[in-house]
Amino acid sequence: MSSSGGIQIPGRLPLLLTHEGVLLPGATMRISVDTARNMQLVKSRLLKGTSLKSTIIGVIPNTKDPDHDSEELPTLHSIGTAGLAVQVVGSNWPKPHYTLLITGLCRFRVAQLLKERPFPLAEVVQLDQLEQLPNAPDGELGELGERFYQAAVQLVGMLDMSVPVVAKLRRMLDSLPRETLPDVLASMIRTTNKEKLQVLDAVSLEERFKKTLPLLSRQIEGLKLLQKTRKPRSDDDKKVLAGRKGGVFPGRQFFLDEEAEDDDGDDTTVLERKVKGANMPEPALRVCLKELKRLKKMPQSMPEYALTRNYLELMVELPWSKSTTDCLDIRAARVLLDNDHYAMEKLKRRVLEYLAVRQLKSTLKGPILCFVGPPGVGKTSVGRSIARTLGREFHRIALGGVCDQSDIRGHRRTYVGSMPGRIINGLKTVGVNNPVFLLDEVDKLGKSLQGDPAAALLEVLDPEQNHSFTDHYLNVAFDLSQVLFIATANTTASIPPALLDRMEVLQVPGYTQEEKVEIAHRHLIPHQLEQHGLTPQQLQIPPHTTQDIISRYTREAGVRSLERKIGAICRAVAVKVAEGHKMSKQESSSHQQGQLAAEEKETGGDEAQKESADLTAPPEMPILIDPTALKDILGPPLFEMEVSERLTLPGVAIGLAWTPLGGEIMFVEASRMEGDGQLTLTGQLGDVMKESAHLAISWLRSNAKLYQLTNTAGHLDPMEGTDIHLHFPAGAVTKDGPSAGVTIVTCLASLFSGRLVRSDVAMTGEITLRGLVLPVGGIKDKVLAAHRAGLKRLIIPKRNEKDLEEIPAHIREELDFVAASSVDQVLNAAFSGGFPATTNPLTHPHLASKL
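Residues numbered from 1 in each chain as written. Predicted model: local features only at pLDDT ≥ 70, side-chain atom pairs only at ≥ 80, totals over all residues. Heavy atoms only, no water.

**Quick look at the side chain of K782**
Then step 1. On the secondary structure map, K782 appears in helix α27 (residues 779-788).
Then step 2. For the buried K782, no salt bridge is present, and the opposite-charge side chain at shortest range is D781, 9.1 Å distant.
Then step 3. Separated by 3.2 Å, the side chain of K782 and the backbone oxygen of G777 make a polar contact.
Then step 4. Other than its neighbours up to four places away in sequence, K782 contacts L656, A657, W658, G663, S739, T764, V776 and G777. (Helix = DSSP H or I, 4+ residues; strand = E, 2+ residues; numbered from the N terminus. Buried < 20%, exposed > 50% of the residue type's maximum accessible area, 1.4 Å probe, protein only. Lys, Arg positive; Asp, Glu negative; His and termini not counted. Salt bridge = Lys/Arg side-chain N within 4 Å of Asp/Glu carboxyl O. Polar contact = N/O pair within 3.5 Å; in protein donor to acceptor, adjacent residues only side chain to side chain. Contact = heavy atoms within 4.5 Å.)

Written as structure tokens, this is what we have:
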């Protein structure tokens, strides 16, 4: 329904205060009622009322957050919408509440509040009177109406007309009076509550057109951008797909024909024909013919007969000369990689470089790539995507826990139950000699009495040797030079140097929060919705909720935990949807007669208005995950930033650490007590970190006079008569490495001077006995960890400035980087107002020149 001169509302209306949105005339909205006043209104007027007049209520938008326990009535907005309660549904979970389906009738102004309890009742003045547009669109109002109508037609034309609701809206544009269009369309397009409130306050029709037209134009621009991203497949995509559907695997039909030929007989004649038709190299063919000659002389009852026959059948099945044709269209490859993965620019660029060189030289050997990064960043899925981009077969070999070199090279045929290694078996599985092989978790190879599989991989991953890889089972050379090997690892520390030297290492760092939000909405949420049988019309997770999940419920470099949390939300919503289906059937039967009666009483309006009400009353509203729902589903936040709370005493500093799971912030705590100058270190520290602590103590003692550092008794030697205890939380996690040197110095300087370290500063860097700051690794992961923790200033070694180029530009702009080459500069940046007596001639060349 819409505002019309035929609608006359009562002079006194009960008021329903809602914070969920803004109801406009002509729109239908579901409103959840759970406050005491609103619950009393529903029980007294809507559930007990029998006349049409009792179902008309005033809906007032509440611009402030609702206070359920407040006894005072909040300040009322001066303008509201009179609405007809079409449906009332009650529920007791998670607490008693009602859900109302209300159709807006017209605007009204609150003239006087008559009472506040048990629910607000006010004397109102109806505002919407039918304001006709001029017949000729010459005036400003007529021109606005025409422009608005054309924009509405354009908007509807961009939607899918096969959807019944869209087709109905298109018919309505011609039947509805144009003066009703602003309210109807403003309630349907994507707008904020503040913008809808401005439309509600626009009592004048001319002002209403001016407020709504920019919103309509913005929605049109958004749909244009959406259409660009959701275009039908480009010519490049179609070429790629067409190439895969036909002719990409030229040997496949021949392979099937050869398999069908197995049914013709099992005699050696058929096997001999297969051997000669396998197009194997001359050395392999000679070995097969020799074994075939032996096979003909053996009785079938001999055990060796089955072993020899199995060997020959494997040799026939191997793809000696069968290969796929690479898709070398770089533009199409870029499209597929961008669609499959967000960010990861280094990896995408390396694949495109390989394609470009393959265009120039067709005999290029397959590269040996190693993706190194934290878990959950997409290393394995990128390998699968690369195979799809090239049009090649994909095979994954899981190496985690493999401790037998026979898994790589195979067993010799002299052993009972011998079989080929995983490399040859994978080639047999894919049926081509140029697949993409993913060697997953190559850093988790083991070693045992059965040999070292990492050493066996040296031949496989060496481009100068793998053209003649010899499996123990085959005992003949097989060419692996056309295979594209991709290894994945979490760290290079556990990979043997000889094996690491044969691979091209590409670092895959963790994602920024902005990248995680984008990945979640592009890939994770649609995937989880599909996995749980839900649709976007049933569940909506806004970006700010995704941001909360990332920052408060996960702490990782990748997105695995994020996907699990989204899956938990989908499961909780699936329960609600399943219960809603059952409940809706019961509700529909109980309210059907009431709805029919209400519709009959609304016949005073024209047919176009009824179509508007039907259109804007969706049968199913999406469940929006807000912070309250997020807490109900996932529980209290798992991670809360505690930086400022822990820096309230001297002797605490924040360092940055790198782990295989990504970067982390690390607190260093120090305390002192009377003693004999001993240093105690706790927190599961390695030898390198213990040495860094001793270095820091020695440097501070040697510069105690310059920096005015004393012990509790005022002596210049801060360690005299004093014991120092250094602790690195969390104590159960093993820690090692030199990058905590500057953090330990700053922590001890804070302890000895009694000054607090700035609460927004984190640091990393190795120190020397002369007070120099040396470069460290993992700068990008450490910077991302500091950004996640809300820190603003980062102190890094001067020689690590080059690593900042890998940091996204928007993160570099939000952080203040201090590049330090000496401990003096570190202390000046770590303390507010600098650190006193920075006149050490050893670290200040201009002073040293005077000495």
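Let's pick the thread back up.
**Focus: the confidence of the model for the protein**
Then step 1. Counting all residues, the mean pLDDT for the protein is 81, and 84% of those residues have values of 70 or more.
Then step 2. For residues 233-265, every residue scores under 50 in pLDDT, and the model assigns this stretch 34 contacts once sequence neighbours within four places are set aside.
Then step 3. Note on residues 837-851: pLDDT under 50 across the span, and 21 contacts to partners over four residues away in sequence or across chains. (pLDDT = per-residue confidence, 0-100.)

**Some thoughts on the nonpolar core**
Then step 1. Counting 50 residues, the largest nonpolar core has I423, L457 and F485 as the members making the most contacts within it.
Then step 2. Residue contacts for L457: discarding those within four places in its chain leaves L399, I408, L439, V442, L445 and L499. (Core = buried A, V, L, I, M, F, W, Y, C linked by side-chain atoms within 4.5 Å.)

**Here's the deal with the sheet that holds strand β13 (residues 504-507)**
Then step 1. The strand order across the open sheet built from five strands is β8-β9-β12-β7-β13, with neighbouring strands paired in parallel fashion. Taken across any chain shown, the strands that pair with only one partner, and hence form the sheet edges, are β8 (394-398) and β13. In this sheet, neighbouring strand axes are inclined to one another by 20 degrees on average, regardless of whether the strands run parallel or antiparallel.
Then step 2. Its contacts with the sheet put helix α13 (residues 345-360) on β7 (368-372) and β13, and the angle it makes with β13 is roughly 145 degrees.
Then step 3. Where helix α16 (residues 422-430) meets the sheet, its contacts fall on β8, β9 (436-440) and β12 (484-489), and the angle it forms with β8 comes to roughly 155 degrees. (Pairing = 2+ DSSP bridges. Axes fitted to C-alpha atoms, helices over the stretch in contact; angles between N-to-C directions.)

**A look at the packing of aromatic side chains**
Then step 1. One pass over the structure, following the stated rule, counts four aromatic pairs.
Then step 2. Between W320 and F478 the ring centres are 4.8 Å apart and the planes differ by 45 degrees, which places this aromatic pair in the tilted class. Within this pair, whereas W320 is found in the loop between α11 (303-317) and α12 (330-340), its partner F478 is found in strand β11 (residues 477-478), the two being separated by 158 residues in sequence.
Then step 3. Look at F478 and you get buried, because its relative accessible area is 1%.
Then step 4. Measuring from centroid to centroid gives 5.8 Å for F437 and F485, while their planes differ by 75 degrees, and the two rings are edge-to-face. (Phe/Tyr/Trp six-rings, centres within 6.5 Å; stacked < 30°, edge-to-face > 60°.)

**Side note on the pairing of strand β6 (residues 121-126)**
Then step 1. Relative to β6, strand β1 (residues 12-18) is paired through three bridges, and the arrangement is antiparallel. The partner of P14 across the bridge, within β6, is L121.
Then step 2. Inspection of the sheet shows strand β5 (residues 97-115) paired to β6 by six bridges, in the antiparallel sense. Bridge pairing in β6 links Q112 to E123.
Then step 3. Following β5, the chain reverses through five residues before pairing antiparallel with β6.

**Comments concerning empty space enclosed by the protein**
Then step 1. If you walk through the whole model with that rule in mind, you get two cavities of 30 Å³ or more.
Then step 2. Reported here for the largest cavity is a volume of approximately 50 Å³.
Then step 3. Around the largest cavity, the lining residues are R350, V351, Y354, P367, L369, I386, L390 and L484.
Then step 4. Those elements that place two or more of their residues in the lining of the largest cavity are α13 and α14 (379-390).
Then step 5. Of the residues forming the lining of the largest cavity, the biggest block, three residues, is contributed by α13.
Then step 6. Looking at side-chain class alone, the lining of the largest cavity contains seven nonpolar, no polar and one charged residues.
Then step 7. Lining the second largest cavity are L337, H341, M344, L347, K348, V351, V382 and I386.
Then step 8. Taken together, the elements giving at least two residues each to the lining of the second largest cavity come down to α13 and α14.
Then step 9. By residue number, the principal contributor to the lining of the second largest cavity is α13, which donates three residues. (1 Å grid on protein atoms, 1.4 Å probe; cavity = no way out; pocket = protein on both sides within 12 Å on 5 of 7 lines; lining within 4 Å. Points joined across faces, edges and corners; volume = space filled by probe spheres on them. Nonpolar A, V, L, I, M, F, W, Y, C, P; charged D, E, K, R; others polar.)

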